[in-house]
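Observations on the model geometry
Residues per chain are reported as follows:
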Amino acid sequence: MDPRKLVCILVAVAWPALAADPFVDAAAQSGLDFVHFNGMSGEMYFPEMMGQGGALFDYDNDGDLDAYFVQGSVLGTGKPVVPAPRGRLYRNDSLRFVDVTESSGLDARDYGMGVATGDIDNDGWVDLYLTNYGANRMYRNNGDGTFADVTQRTGTGDPRWSVSASFFDMDRDGWLDLYVVNYVDWSVEKNPKCFAASSRRDYCGPADFPPLPHTLYRNRGDGTFADVSARSGIARQPGPGLGVIAFDADRDGWTDVYVANDGAPSFLWMNQRDGTFRDDALLAGAAVNRRGQAEAGMGVDAGDFDADGDEDIFVTHLSGETNTLYVNDGTGMFEDRSTETGAALGSLPFTSFGTSWIDYDNDGWLDLFITSGAVRIQESRTGDPFPLAQTDQLYRNAGGRLEEVPGVFKTPGVGRGAAFGDVDNDGDMDILVLYNNGPARLLLNQVGGQQSWIGVDGGIPGEPGVQVEVLRPGAPALWRRSHTDGSYASASDPRVLVGLGDKPLSAVRIHRPGGKVEEWRGLPAGRYVIRKER
Amino acid sequence: MKTLSLLSLLSLLSLQSLTAQTTGQPPGVQPIPAPSLEGLEPEVAAQLRDARALIDVLTAPAEVAEAYGELGRLYHTYSLSEAAAAAYANAALLAPKDFRWHYYAGYLAQAMGRSAEAEVSYEKALELQPGFVPGWIHLAEVLLAGNHPDDAERILKQVLGSDPRNAAARAGLGEIALSRRQFREAAEHLEAALAAAPEADRLHHPLALAYRGLGDMERARDHLAKAGRVGVRPADPLIEELAQLRQGEMAHLLRGRVAFRFGRFADAAAEFRKAVEARPASVPARINLGAALVQTGDRRGAVEQFQEALKLAPDNGTAHYNLALLLAQDGYEADAVKHLEEAVRIEPRDGAAHLELAQALERTGKSAMALIHYEKAAGLLPQDERAWMGEANLLVGSQRFREARDVLETAQGNLPGSGRIVHGLARLLAAAPDPALRDGKRALELALQVHAARGTATHIETVALALAESGRCDEAAEWQGKAIEAARQEGPPERVPPMEKELARYTAGAPCRPGG
């Protein structure tokens, strides 16, 4: 280890795993009392069904993850709710969450959809971007517990219906750029009546509206962003986008962007290294499933599930379609291997949204968490007070074969967003799950801490894209990437947490997007290593 | 195949007997969930109510079985799946030798993601009727979804043995080969499937991936370009019967939209007309009927339907828009403008309506208003070349060259592959009356780009203009000569003299800048 570059800080392990269930909902006991409000009016307004996300991020730089919850509102001429619903910020004080919205300066009363996090000005404090049905908002973290609305100044207030967004460095200039995924051109005025197969009035789907082009903002590094959607090629291709993940699909050192479109072929924007992108999803085999069907892409994540050193794409879909796993051959070419890997099995009845590759049991293999909830009438459940609710799912990765772990989640909900991170800093992955029109859950992991692990904290909130390679003797290297995007409309912990299984740790290599590699040896397992550049 | 007409049976029964209760259902018969009928179309609710009531008045086991089966089919048709599954189960219990109820139960379970149940039901159905090919195809699909490719392959090969041109079997075998990375075999099967069912254009996608696997990227790209949304559908009379059970306005609208999408406009119009009959006040039914009538050539009928829709819903932007298009085509421009103005008032974000309005206004000489709507259309439809070109042309026409150039620059950013936009920009950069707007080098680059794609006299002349603007008079003269030659061939002859005049200027040597 080079002492000029690194400071290692040992973080105490606080929450021993005792329970039999792999996850325990600790929202109520930890003070997370957020309840989402979708403003359901009976008019079947499309956005009512599509929210919402949340974020796990350390806004006060005190070493633990705080939480932000996106809130809905009332659309149309509905009776206003008093007080007006607003997004809420909770500070984590040793796993006791305190609502600090009032003092934070965050005043998000729009019809919220999602959230993205990143340090837009490289001041070491993570900033917040909120996507809305309506103009989006950028909030700068002042570093003193408050945020300032810098939407106007940054020029990032895309007025269209946006759902997910991703901060990533498109041009490797050290400043975070922003990809905003827009959905469809729906409005209260343009709200046609749609019907279920039974002839009952139902919510419309994306095919009933024109898809929107997406937006790419380049960070000028002076506190403002330039809208480069047209110049980059992004705006040329409208798509009903919902989920987004930025990662290096072809391992050329430049970050690419994958967008899950709802009912239309997904995009794989390959970075051309000159400020432009080209959608190669079709030829790359990641636009539609093996049979050529465009599916209803909702949530998305990329991760090296088969431990071969490249990242594979997992996309969640509507009921009646399977979730899809596109396996990367290492060159940015993909194959739909959903059936062979087990990813498809058990997914057909679910409309799934938030998801992530997480190694929940720290055995060294990336598992899958998926939250689900229907978007349209479930005819068999008319009369049920929660007719859209579905149960979340956990798939365990048994050496490249995904197997659903039965009975882990028992309480159904209308799952939408999910944010992932080690909330209690005990070395395993916890999950914040956001439910449409329902209370959020904080799923604390009870089993991961039983296995050995190593954590890498970038220490620089604005540096996603860093690849962490963990070397273990006699076992394949484990590749993980620091990122906050992916899932659905949500932002996650940028720290990289790597389960080591029963293998000892020999070295950790850090690969930066520019090609620079650092190697650390002699690190103790069971700790977060905080990496700070001088 | 035996079918029971519900209506004829019902007509034999009195109202009293409909509400009578039977006693002593056979053992094992399960209660059928009663889905809520609230919010359903009245015809649909009545249809379901009657079919359910029928069970209670029948006593002969064969008839009760048939009634359960019919009830299952109705629930299935309207996606009331749990009730459908229970009804099929009762039908199969009471008539275990009737393969239909096992088959429908399998099809339903497959759609619900209950693969194990689907497999069992299909197997029972096929034991009873082994010659029913769609059943084997669906069983193979279930096995494939459950990651049992070997079993699926065996079944599909058996199907091919008796029907070598079966497109669904070929497609399934292609998919299996693709999953095994046996790309050559996959390509062979998928090519054969496409030959048997050329309308199944979705198959081009897996075929492209097979060629990609073989390293033939050119063929892969070629097939990707042809890939569409239509998959292979095995001819399946039992499943087709389900769609015919639907009643009410929505059923006809649904069938009509499917027919319209596949270009069967007369069928679509017939279905939409039935939807209007089912609910004369239905605005969507009238608008759809109007759209289908246009396609069948009945323009007068279409106008009537759109006018009727507007009587029912004066603020329906789609009806205004559709009516305006017909009026404009028939030369009633002023009326068309009126309806389009209504359309954009009702839906200010309707880019297509703004574009049509701009074009109609331009045709009637109202350029200033047209410009406003072209600008809005370009903002709303950034991928529509017509909006950008309309705006740029009107700006040029009103001598607002700098704005025209800016519009074309933005348009080119959005549509770099548009020859018209690139050509318009090249022309402006080469020959704008304001020399400050010119950029000969860039004009030449753009003009050559367009010329490479399309070399008409106009495009050649633009290269000459760009060369002249760059001070390369000899080359400009050479290109202008070629342009004149091309113009003589293309006609009309009156194009040529002004071009010759320009050639003389180029030949005279520097300075030869356009307009100089």
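Our subject in this report is the structure included herewith.

Re the overall build of chain A
From N to C terminus, chain A includes six helices and 36 strands. On C-alpha atoms alone, chain A measures out to a radius of gyration of 21 Å, which is about the 24 Å that the 2.2 N^0.38 rule sets for 534 residues. With respect to the principal axes defined by its C-alpha atoms, chain A has extents near 65 × 50 × 50 Å. Looking at chain A residue by residue over its 534 residues, the buried ones come to 60%. When contacts within chain A are restricted to residue pairs at least 6 apart in sequence, those whose partners lie at least 24 apart make up 61%.

Observations regarding unusual backbone geometry
All names here are of chain A. Put simply, Gly-51 and Gln-52 share a cis peptide bond, and its omega is 15°. You can see Gln-52 is positioned in the loop between helix H1 (27-30) and strand S2 (54-57). With omega at -5°, the peptide bond leading from Val-82 into Pro-83 counts as cis. Tracing the chain through its elements places Pro-83 in the loop between strand S3 (66-69) and strand S4 (88-92). Phi at Leu-95 is positive, roughly 65°, even though this residue is not glycine. Summarising the element assignment, Leu-95 is placed in the loop between S4 and strand S5 (97-99). On the neighbour-count criterion, Leu-95 (19 C-beta atoms within 10 Å) is partly exposed. The backbone of Ser-487 sits at a positive phi, close to 60°, despite the residue not being glycine.

What to know about the interface of chain B and chain A
Across the contact, 38 residues belong to chain B and 34 residues belong to chain A. At the level of secondary structure, the elements contributing two or more residues to the side of chain B that touches chain A comprise helix H5 (81-94), helix H10 (167-179), helix H12 (204-213), helix H13 (217-226) and helix H24 (401-414) of chain B. Among the elements that line the side of chain B that touches chain A, the one with the most residues is H12(B), at four residues.

Quick notes on the sheet that holds strand S36 (residues 527-530) of chain A
Residue and element names in this part refer to chain A. Strand order in the open sheet made by the three strands is S33-S30-S36, with mixed pairing throughout. Looking at strand neighbours, the two that pair on one side only are strand S33 (496-501) and S36, the edges of this open sheet. Strand-to-strand twist of the sheet, defined as the mean angle between neighbouring strand axes without regard to direction, takes the value 20°. In terms of strand pairing, strand S30 (residues 452-457) meets S36 through four bridges, oriented parallel. Within S36, the residue paired with Val-456 across the bridge is Val-529.

A few points about the pairing of strand S16 (residues 256-261) of chain A
Along any regular strand, the residues point their side chains to alternate faces of the sheet. Residue and element names in this part refer to chain A. Of all six residues making up S16, six are buried, and the element is well covered by its neighbours. With burial as the criterion, each face of S16 is covered, one bearing Asp-256, Tyr-258 and Ala-260 and the other bearing Val-257, Val-259 and Asn-261. Examined bridge by bridge, strand S15 (residues 241-247) and S16 share six bridges and lie antiparallel to one another. Residue Val-244 lies in a different strand from S16, and its bridge partner there is Val-259. Examined bridge by bridge, S16 and strand S17 (residues 267-271) share three bridges and lie antiparallel to one another. Bridging from a neighbouring strand, Val-257 pairs with Trp-269 of S17. The hairpin formed by S16 and S17 contains five residues between the paired strands, and Gly-263 there has a positive phi angle of roughly 85°.

Rules used in this analysis
- Residues numbered from 1 in each chain as written.
- Chains lettered and ligands numbered in written order.
- Predicted model: local features only at pLDDT ≥ 70, side-chain atom pairs only at ≥ 80, totals over all residues.
- Helix = DSSP H or I, 4+ residues; strand = E, 2+ residues; numbered from the N terminus.
- Rg over C-alpha atoms; globule rule 2.2 N^0.38 Å.
- Buried ≥ 20, exposed ≤ 12 C-beta atoms within 10 Å, placed from the backbone.
- Contact = placed C-beta atoms within 7 Å.
- Pairing = 2+ DSSP bridges.
- Axes fitted to C-alpha atoms, helices over the stretch in contact; angles between N-to-C directions.

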